Amino acid sequence: GAGVSQTPSNKVTEKGKYVELRCDPISGHTALYWYRQSLGQGPEFLIYFQGTGAADDSGLPNDRFFAVRPEGSVSTLKIQRTERGDSAVYLCASSIGQDDGYTFGSGTRLTVV
Amino acid sequence: GQQVMQIPQYQHVQEGEDFTTYCNSSTTLSNIQWYKQRPGGHPVFLIQLVKSGEVKKQKRLTFQFGEAKKNSSLHITATQTTDVGTYFCAGRRFGNEKLTFGTGTRLTIIP
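Computed from a predicted model, the values in this text were never measured in an experiment. (Residues numbered from 1 in each chain as written. Chains lettered and ligands numbered in written order. Predicted model: local features only at pLDDT ≥ 70, side-chain atom pairs only at ≥ 80, totals over all residues. Heavy atoms only, no water.)

Visitor: Please clarify how the overall build of chain B should be interpreted in this entry.
Guide: If you tally the helices and strands in chain B, you get 0 helices and 11 strands. Shown N-terminal to C-terminal, the secondary structure of chain B runs as helices and strands in the order β-β-β-β-β-β-β-β-β-β-β. Rg of the C-alpha trace for chain B: 13 Å, near the compact-globule value of 13 Å for 111 residues, within the 12% margin. In chain B, the proportion of contacts linking residues at least 24 apart, taken out of those at least 6 apart, comes to 55%. When the accessible surface of chain B is totalled, it reaches about 5,400 Å², and 51% of it is carbon and sulfur. (Helix = DSSP H or I, 4+ residues; strand = E, 2+ residues; numbered from the N terminus. Rg over C-alpha atoms; globule rule 2.2 N^0.38 Å. Contact = heavy atoms within 4.5 Å. Areas by Shrake-Rupley, 256 points an atom, 1.4 Å probe, with all protein chains shown as cover.)

Visitor: Could you clarify how one ought to interpret the nonpolar core in this entry?
Guide: As a rule of thumb, soluble globular proteins bury nonpolar side chains together. One finds Trp34(A), Leu46(A), Ile47(A), Leu77(A) and Tyr90(A) to be the most contacted residues of the largest nonpolar core, which totals 20 residues. Counting only elements with at least two residues in this core, the list comes to β3 (19–24), β4 (31–37), β5 (44–50), β7 (65–68), β8 (75–79), β9 (88–95) and β11 (108–112) of chain A. In this structure, Ile32(B), Leu61(B), Leu74(B) and Tyr87(B) belong to the second largest nonpolar core, which totals 19 residues. (Core = buried A, V, L, I, M, F, W, Y, C linked by side-chain atoms within 4.5 Å. Buried < 20%, exposed > 50% of the residue type's maximum accessible area, 1.4 Å probe, protein only.)

Visitor: Looking at this model, I keep getting lost on the pairing of strand β6 (residues 53–56) of chain A. Mind explaining?
Guide: Regular strands have side chains that alternate between both faces of the sheet. Residues and elements named next belong to chain A. Bridge count for β5 against β6 is 3 bridges, and the pairing is antiparallel. Residue pairing for β6: Gln-50 is matched across the bridge by Gly-53. A loop of 2 residues connects β5 with β6, the two strands running antiparallel in sequence, and Gly-51 in this loop sits at a positive phi of about 70°. (Pairing = 2+ DSSP bridges.)

In short, shape yes, function no, at least from these values alone.
Written out as structure tokens, the structure reads:
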């Protein structure tokens with residue numbers, strides 16, 4: 001597609017529930033990144049994929065967070081047993097290569113109530 | 001871990017005045033990128049600096065990378081209302097592909 005697409009744009013879930021956030025990167029972009037942004041703060045790194053493999057998952061806060069990119073294109077960020085502290089905007093970005101600028105999607109605003 | 005700080009946190013300027021934001025990393029960087037995020041929007045890539053002491057210009061925007069590759073600045077000449085937003089620097093360490101974003105500087109323009 002023309003840009004990075006993220007769905008849903010908004011997600012409200014109850015504490016303890018499981019959620020999946022989807023990212024469809026720009027076609028041909030091999031690098032895909034997930035970030036989390038809280039109000040008034042800069043994006044916080046979560047995980048980076050080069051192709052199908054997670055090249056760096058050091059930013060995942062704990063084992064409730066998991067991400068996959070099985071075919072090297074679409075990626076899904078999965079959060080188990082959501083907590084109110086998980087509420088944030090989850091941003092996905094892709095780039096042609098690891099040394100290029102990122103193109104961000106519009107984000108998924110996750111609210112845990 | 002790596003920290004990237006920006007000052008000031010907020011800047012209010014009259015339209016037509018200049019604006020500068022400064023970025024400082026706790027570690028030497030392989031490169032640095034700058035992004036702009038409009039209110040309610042997502043970060044948009046502006047530029048990447050790679051070389052020590054590098055200076056790049058985009059119309060009214062001037063970007064600098066420090067000689068030690070630990071700091072950077074963005075200067076906007078004669079601000080316009082379209083410049084409103086939060087400006088983030090994001091640094092990449094040698095041998096580490098992830099970008100660490102700074103704390104951001106939020107620019108508001110007084111017409």
